[in-house]
Structure formats: C-alpha cells, structure tokens
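What follows is each chain in one-letter form.
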Amino acid sequence: MDVLLAILSQFGLYGLLTLGIAIVFAALRVVNLAHCDFAMIGAYAAATLTGFAFSWRVVLVLAATVPLLVLIERALLRRSLADSLGAMLVTWGVGMALRQIAEVAFGATPRSVAAPVTGSVELLGTQGPAYRLVCALVAVVVAGLVLLAAYRTRWGLTLRAVADNPAMAGLLGTDPHRLRTTAFVAGGLLAVLAGALYSPTLAVSPSMGFGLLVPTFFALLFSRPGSLATAALAALGVSALAVLLRIWLSDVVADALFYVVVIGIAAVRSRPALRRFVSWSRRFVVRPA
C-alpha cells in the first residue's frame, strides 16, 4: 500500500505537468520547454507569499500568471509557429529567462515551504503524510476534470479538431488563434498549480523546473499526439517507474537507471519496424459494432 500511495502522489505531480504540456502540444504542435519553469513560478509564490493562507497563495499566483502566459503566446510564440523548431527554441529561451530572473530575485539556495496540513493519516492500514495524500487527491481530481472537459465539452471537441486539422477547423468557424491562446494559458496554469500545490514536497529553486521537465517530456513522448488520455496514462507509467526504482535502488542509481530505461523505451518505440507491427496488430482487434 505504501508503494501505491507513493505512485499516486508522484502521479499527481507528473499528471498535471504532462496534461498541461499535452494541451499546449495538441493546440500549437510545439513542445513547450518552459512548461516546468511555470511550475517553478507557482512554487516560489507558495514560498514567498507567506502573509496569505496557502490556498490564497495558489489562487493569487494562478490569477497573476494569466497575463504572462497570454503575453508569451501572443508576442513570442504566435510569430514563430510556422517554424516548429524555432517556436521550441523560443520556449527554451523563455525558460532560461525565467530561471535567471528567479535566481537574481531569490538566489540559488533552495527554499522549503511549510505544508498547510500536518500530521499523518492511516489509509488501509498504512500511515502516510497527510499533505501528500491531500495534494495527490486534489491533483488527481483536477486531472480528471481536465480529461472530462477534453472529451465531454465543446471546448475539448474544438481542441481536438484544431489539433487534427487547423485549416479545416478554421473553415468551420473556429478561431485557431483564440483556441491556441486559451490552450497555452490552460496548460501553463496546470503547471503553475502543480508547482504551488507540490511546493511543500519539493526543494524550491530556480533549476527545479529543468529537473521536472525530463520526466514530463518523456511522458509526452510516450503518449499519442493530441490525446490527453494517453498522456495521463504515460504520466502514470513514468510515475510508477520513478517510484519503484527509488524503492529498489539508491537515489543516484535510481535516477541514472530511470533515464536509461526511458531513453531505451523511446528509442525502441521510434523504430519504424515497431510502428508497423503495432499498426498491423490493430487489424486483428475486434471493434464493437
């Protein structure tokens, strides 16, 4: 049970980050390399706005980040979307700028955030930190609501239409520019929420976003483009792998082996023969009438 709770807690963090970057990729077809640096903004807000209750810190940083996300998308990304590599480099530059600003403002020394809920709780005979369980449940509920919106609302239908064929979606009356702005803001806010929510469990530093980017990027890589459901499943798999390796091995060896495993899976998955085999095997799947 301890392992399941640890995987659930890790999935809450990686799930929010992966869903956020998947939303942006679905709408803009750009991997936002500054995505996890938005989580750093949320974490620093939780660490510095100590005059407010923790819940208000989360609300305030979410509200304050919206204009920044709109500015980045409209002033920087919109002009470079024709070149996907150029747009990705723009996001890389945004992330570097955010990290440098944070280091100048707060220094490079990691900070800690006091958990708003203390103590431990017993769940199915297992004792665990109360706040880890609370933030994991909140994150899972938010992720569930995002998936529900993606597959059961008009916004989700429009997002998938723009992801599949932006030109056709535009001819049918959808404004791709407005949807891309909305998607970028929504994805960025999920990252900010993840950083603020999990700040008591992380070392808050200017470089924390880069550390979170690697598992988030691989979870996006393992998912199907434009599919938020597979992004959530990929985040769950990456979370389980990270937790199990840390249980079986030391932290240093676990981190090294984690990168080896995910890079190996990505390399195997990218092989044309494997893609052809998967496509061929789908012909034998019995589809419901």
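Fair warning: this is a prediction, and the values are worked out from it, not measured in the lab. Just so you know, the residues in each chain are numbered from 1, in the order the chain's sequence is written. Two thresholds apply to this predicted model, a pLDDT of at least 70 for residue-level local features and 80 or more for giving and counting side-chain atom pairs, whereas whole-chain, interface and lining totals are computed over all residues. Side-chain figures throughout are based on the complete set of non-hydrogen atoms in the structure, without hydrogens or water.

Give a description of the overall build of the protein that names residues and reports values.
When its secondary structure is counted, the protein shows 12 helices and two strands. Written out in order from the N terminus, the α and β elements of the protein read α-α-α-α-β-β-α-α-α-α-α-α-α-α. Three exposure classes are used, based on accessible area relative to the maximum for each residue type with a 1.4 Å probe and protein chains only: buried under 20%, partly exposed in between, and exposed over 50%. Counting every position in the protein, which comprises 289 residues, the buried fraction comes to 43%. Note that accessible areas follow from Shrake-Rupley with a 1.4 Å probe, and for residues the cover is restricted to the protein chains shown. Accessible surface computed for the protein: about 14900 Å², of which carbon and sulfur atoms make up 68%. Put simply, DSSP H or I for four residues or longer makes a helix, DSSP E for two residues or longer makes a strand, and each gets a number counted from the N terminus.

Help me get a handle on the environment of serine 199, residues and values and all.
Note that serine 199 resides in the loop between α8 (176-197) and α9 (208-222). When sequence neighbours within four positions are dropped, the list of residues in contact with serine 199 reads Ala43, Ala46, Phe54, Val113 and Val204. Between two residues, a contact is recorded if the distance between any of their heavy atoms is within 4.5 Å.

For the nonpolar core, give the residues involved together with the corresponding values.
Counting residues in each nonpolar core, the largest one holds 78 residues, and the members touching the most others are Leu17, Phe38, Phe184 and Leu212. A per-element tally of this core places helix α1 (residues 2-28) first, with 14 residues. What leucine 212 contacts, discounting residues up to four positions off in sequence, is Leu13, Tyr14, Leu17, Cys36 and Ala39. Working definition of a nonpolar core: buried Ala, Val, Leu, Ile, Met, Phe, Trp, Tyr and Cys residues. They are joined through side-chain atoms within 4.5 Å.

Account for the side chain of aspartate 37, naming residues and giving values.
Here aspartate 37 is to be found in helix α2 (residues 35-48). At 2.9 Å, the side chain of aspartate 37 forms a polar contact with the side chain of arginine 99. Identification of polar contacts relies on pairs of N or O atoms within 3.5 Å, with a donor-acceptor requirement for protein atoms, meaning one able to donate a hydrogen and the other able to accept it, and with residues adjacent in sequence counted only if both atoms are side-chain atoms.

I'd love a proper account of the pattern of salt bridges, names of residues and values included.
Two side chains carrying opposite charge are able to pair once their charged atoms lie near each other. Here a salt bridge means any side-chain nitrogen of Lys or Arg lying within 4 Å of a carboxyl oxygen belonging to Asp or Glu. Applying the stated criterion across every chain yields a total of three salt bridges. A salt bridge links aspartate 37 to arginine 99, with the shortest nitrogen-to-oxygen separation between them at 2.9 Å. Taken together, the residues span a long stretch of sequence, with aspartate 37 in helix α2 and arginine 99 in helix α4 (residues 84-106) at a distance of 62 residues.

Go over the confidence of the model for the protein, please, and point to the residues and values.
This prediction gives the protein a mean pLDDT of 84; 86% of its residues lie at or above 70. Averaged pLDDT values over the elements of the protein bottom out at 52 in helix α12 (residues 272-281) and peak at 95 in α2. A low-confidence stretch, residues 284-289 stays under pLDDT 50, and its non-local contacts, those more than four residues away or across chains, total zero contacts. Per-residue confidence from the predictor is reported as pLDDT, a score between 0 and 100.

Give a description of a nonpolar patch on the surface that names residues and reports values.
Patch membership needs two things, relative accessible area over 30% and no salt bridge, and members are linked within 9 Å if like-charged or within 5 Å if nonpolar (Val, Leu, Ile, Met, Phe, Trp, Tyr). On the surface, Val3, Ile247, Trp248, Leu249, Val252, Val253, Leu257 and Val260 cluster together to form a nonpolar patch covering roughly 740 Å² of accessible area. Counting only elements with at least two residues in the nonpolar patch, the list comes to α10 (228-248) and α11 (251-269). Examined against the element boundaries, valine 260 turns out to sit in helix α11.

Would you mind going over the packing of aromatic side chains in detail, with residue names and values included?
Here a pair means two rings of Phe, Tyr or Trp (six-membered ring of Trp) with centres within 6.5 Å. Their orientation is stacked below 30 degrees between planes, edge-to-face above 60, and tilted elsewhere. As enumerated under the stated definition, the model contains seven aromatic pairs in all. Judged by centre distance (6.3 Å) and plane angle (90 degrees), the ring pair of phenylalanine 38 and phenylalanine 184 falls under edge-to-face. Here phenylalanine 38 is found in helix α2, whereas its partner phenylalanine 184 is found in helix α8, with 146 residues between them in sequence. Judged by its relative accessible area of 0%, phenylalanine 38 falls in the buried class. By relative accessible area, which is 1% here, phenylalanine 184 ends up buried.

So what's going on with the environment of proline 176? Which residues, and what values?
You can see proline 176 is positioned in helix α8. Separated by 149 residues in the primary sequence, proline 176 and alanine 27 place their C-alpha atoms 8.3 Å from one another.

Could you give me a rundown of the packing of helix α5 (residues 130-152) against α10, with the residues and numbers involved?
α10 packs onto α5 with a crossing angle of 155 degrees between their chain directions and a minimal axis gap of 10 Å. The angle between α5 and α10 falls in the class roughly antiparallel. Each of Val146, Leu147, Ala150 and Tyr151 in α5 lies in contact with α10, whose residues at this interface are Leu228, Ala229 and Ala232. Side-chain classes are defined by residue name, with Ala, Val, Leu, Ile, Met, Phe, Trp, Tyr, Cys and Pro counting as nonpolar, Asp, Glu, Lys and Arg as charged, and the others, Gly among them, as polar. Broken down by class, the residue content of the contact of α5 with α10 amounts to seven nonpolar, no polar and no charged. Note on geometry: axes are lines fitted to C-alpha atoms, helical ones only across the stretch in contact, with angles between N-to-C directions running from 0 to 180 degrees. Here the word oblique covers every angle except those under 35 degrees (roughly parallel), over 145 (roughly antiparallel) and from 65 to 115 (roughly perpendicular).

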